[in-house]
Amino acid sequence: MKSATQPRRILVISQDPDLAAMVRKASGSLIAIDYAAGEDEGCEKLSGTRPDIIILGRLDSPEAMPALYRELQEGWISHHASVLFVELNESKKSFRILSNENMNMSIGESPIITGSASSFRPTENLVADLREAVTKILNARENQFKISMMNPDSFCLVWEQIPGPGAFETRQEVVLENARKAARSGKVCAISITDNPGGNPAIATDVLCAEILKAGIEPLVHIAFRDKNRNQAESLLFQLAALDIHNVLILTGDYPSNLGFTGRAKPVFDLDSVNGLRLVAEMNRGMEREIMRKPVRLAGTSFFAGVAFSPFKQMEAEVMGQFYKMQKKIEAGADFAITQVGYDARKLHEFQMWQKTRGYNTPALAGIYVLSYPVAKAMRENNIPGCVVTDKLLGRIAAEFESKDKGKQARLDRAAKMYAISKGMGYKGAYISGQGLPFESVEYIVAKGNELADQWMDLLPEFEFPQENGFYFFDQDAVTGLNGATPACKAQKSAQPPIYLLSRIVHALIFNPKSLLFKPMQRLMQTMDSSRILYRIFHFFELGSKTALYSCKDCGDCALADAAFLCPMSQCPKDQRNAPCGGSFQGWCEVYPNEKLCIWVRAYMRLKAHHREDEIGKYTVPPCDWDLWQTSSWINYFLARDHSSKREGFQPPGSK
């Protein structure tokens, strides 16, 4: 599959140039046709053209075609293409078309894909039959999940599967059997496979997704950067592209659990979700690499990349942080979004209103979790980061749990009603998940949800579960009970600790390129950098002061100014440089609940004191440059080596 910027391509390999002309006539102007007169020329053109379809015609000898076919099937680039063989009889008055799905080396005995199986077709039908065959193949190669998500008339259903640990466990078989059922039903657009949810080790997602694709349904692969540095993430993405897996959900990921080998795994978090999207976008365009000292542009990929979004936050600082980050995700290239778990209809509506008021049109799936009492209790106790269940909802589910079926029918009906509400609100589809959820329950939710869709407004009172003192982005609409278009008053308290005020003053006097002291500081830093002894002395005192004031980790690519002078490398367990992850709860850090406030909540409160809180969403901060690790961040800044100096756009001293 090609990226959005690359046309579909067909490579015709035949001694008969008339075949290429007929393929052009059959294919239309949107498909690029390349022609090679023989086997050697065809093989040379493969890497440059990267065709979707290879059409083989008459070659030097009857033995040449089987040999070339085998070579194409074994080739790394060519085996990703579909193959058609156009066979003309000796008089060229009739033909037949064979595909690699039904070709074998006994060409004369192979079945045909168009026309009668017992005879050749008249040559005047060749263009029409080629058009039919090419259309059939290209349609089959399309990303059906993407087509459904981009179709304004469809409502897409994605069903989440959670693989477990182990290579040969029953749970993996259940995942694959569910995928087969979903594929046979035709009701599910994609099967979503989680990536070590909860930070627990499990089987790699790419293994199961390759099997799911074989089952006849699109996989949606979660990629959590908790466990991967940028090289590993890039390698995984190349691997997925080579497996023809194109739907990815880019996530920061939950913090690692303590269930890893001999204990908790080391968290990586080299990229956040925003920079992960930037990586995917660059790969889709075709990354530039230097190979053997020569610049090379790699073949573009065709990833359809989604992100998670949590509108179900309590504090103003948390809510605004999620929207700031979503803005960055959209600007980084997010193709779609999936909402986190929550049961407040007004919050669910909030995301759609935010998009509408800002002119965004990112298609979104509403997250619908089929909520049992044990899971609801775990979510209420904040044991599943990012998922919100209030005391009122938990009380209702607890009462349902006392019934004979332990609340099964009630939770399925609740999910069906959320399905109907999501459809009514204009969501592009539903993302259904739940522990041990059988396909029959999914079918019930969809059928019942469609039945209730026309009366979705009447269902809204059943989903009024506001959080205590919870902040909403918009004022409430008095008629619908949902959200109006007017932003709500932001009453979050601000904070100006002395360290923040001191940092602002120092930054304005010394680090601002427009300040009078900036140029002298550049020259001083150049002097420090020119002497190894001076450099080490300066770096020692810089690190000591920054460690005392900011708990500096000496990354050398300082992001203090990006986070209201709070260090995301030392004070955020996930090293988040682009606004918060989705795991905070009532303002507390996911990793340190009731102990440490999320640093982006603190940053929002600091910035709000100067009416600058919107700066959190103003620009994207790149990932840390590890070439600068344990070097002087001040010298790096003034000599234009770090990300901040590049954003400011100034040059080092002496440059032209």
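Here the structure is a predicted model, which means the values were calculated and not measured.

About the thresholds
- Residues numbered from 1 in each chain as written.
- Predicted model: local features only at pLDDT ≥ 70, side-chain atom pairs only at ≥ 80, totals over all residues.
- Heavy atoms only, no water.
- Buried < 20%, exposed > 50% of the residue type's maximum accessible area, 1.4 Å probe, protein only.
- Helix = DSSP H or I, 4+ residues; strand = E, 2+ residues; numbered from the N terminus.
- Pairing = 2+ DSSP bridges.
- Right-handed = clockwise from strand over helix to strand, strands pointing away.
- Arc of directions from axis to C-beta.
- Contact = heavy atoms within 4.5 Å.
- Axes fitted to C-alpha atoms, helices over the stretch in contact; angles between N-to-C directions.
- Patch = residues over 30% accessible without salt bridge, like charges linked within 9 Å, V, L, I, M, F, W, Y side chains within 5 Å.
- Areas by Shrake-Rupley, 256 points an atom, 1.4 Å probe, with all protein chains shown as cover.
- Salt bridge = Lys/Arg side-chain N within 4 Å of Asp/Glu carboxyl O.
- Parallel < 35°, antiparallel > 145°, perpendicular 65-115°, else oblique.
- Left-handed = near helix turned anticlockwise from the far one by under 90°.
- Nonpolar A, V, L, I, M, F, W, Y, C, P; charged D, E, K, R; others polar.

Caption draft 1: Spatial organisation of the pairing of strand β2 (residues 31-36). Burial within β2 is extensive, with 6 of its 6 residues counted as buried. Of the two faces of β2, both are covered, the one formed by I31, I33 and Y35 as well as the one formed by A32, D34 and A36. Pairing between strand β1 (residues 8-13) and β2: 6 bridges, direction parallel. Its bridge partner lying in β2, R8 is registered against I31. Between β1 and its parallel partner β2, the chain crosses via helix α1 (residues 17-27), and the hand of that crossover is right-handed.

Caption draft 2: Here's a closer look at unusual backbone geometry. You will see that M292, though not glycine, has its phi angle at about 55°, which is positive. For M292, the position within the fold is in the loop between β11 (288-291) and β12 (294-297).

Caption draft 3: Here's a closer look at helix α12 (residues 373-380). Turning to α12, its buried residues are V375, A376, A378 and M379. The buried side chains of α12 occupy one side of the element, clustering within an arc of 160° when seen end-on. Each element contacted by the buried residues of α12 is listed here: β15 (364-369) and α13 (391-401).

Caption draft 4: Broad picture of the sheet that holds strand β14 (residues 336-339). The strand order around the closed barrel built from 8 strands is β7-β8-β9-β10-β13-β14-β15-β16, with neighbouring strands paired in parallel fashion. Each strand of the sheet is rotated relative to its neighbour by a mean of 25°, with strand direction disregarded. Here strand β10 (residues 247-251) pairs with strand β13 (residues 304-309) via 4 bridges, running parallel. If you follow L249 over to β13, its bridge partner there is G306. Sitting on the sheet, helix α10 (residues 316-332) touches β13 and β14, and the angle it makes with β13 is about 175°.

Caption draft 5: Up close: the sheet that holds strand β6 (residues 121-122). The strand order β2-β1-β3-β4-β5-β6 describes an open sheet built from 6 strands, whose pairing is mixed. Of all the strands in the sheet, just β2 and β6 have a single pairing partner and so form its edges. α1 rests against β1, β2, β3 (53-56) and β4 (82-88) of the sheet, and its axis sits at about 175° to β2. Packing against the sheet, helix α4 (residues 126-141) makes contact with β1, β2, β3, β4, β5 (94-99) and β6, and its axis sits at approximately 170° to β4.

Caption draft 6: Structural context of a nonpolar patch on the surface. A cluster of nonpolar residues, I533, I537, F540 and F541, forms a patch on the protein surface that exposes about 500 Å² of accessible area. Position of F541 relative to the elements: it lies in helix α19 (residues 532-550).

Caption draft 7: Fine view of the pairing of β3. A two-sided burial pattern is seen for β3, the buried positions comprising I53 and I55 on one face and I54 and L56 on the other. Taken together, the 4 bridges between β1 and β3 define a ladder with parallel strand orientation. For V12, the partnering residue across the bridge sits in β3 and is I55. The sheet contact formed by β3 and β4 spans 4 bridges and is parallel. Paired with I55 across the bridge in β4 is L84. Tracing the backbone out of β3, into helix α3 (residues 64-74) and back to the parallel element β4 gives a crossover that is right-handed.

Caption draft 8: Looking closely at the packing of helix α14 (residues 408-425) against helix α15 (residues 439-452). The interhelical angle for the contact between α14 and α15, taken along N-to-C directions, is 50°, at an axis separation of 8 Å. As the angle between them shows, α14 and α15 are arranged oblique. Taken as a pair, α14 and α15 cross one another with a handedness that is right-handed. In contact with K408, Q409, L412, D413, A415, A416, K417, Y419, A420 and K423 of α14, α15 contributes S441, Y444, I445, V446, K448, G449, N450 and L452. Its residues assigned to classes, the contact of α14 with α15 shows 9 nonpolar, 4 polar and 5 charged.

Read these as geometric descriptors, not functional statements.
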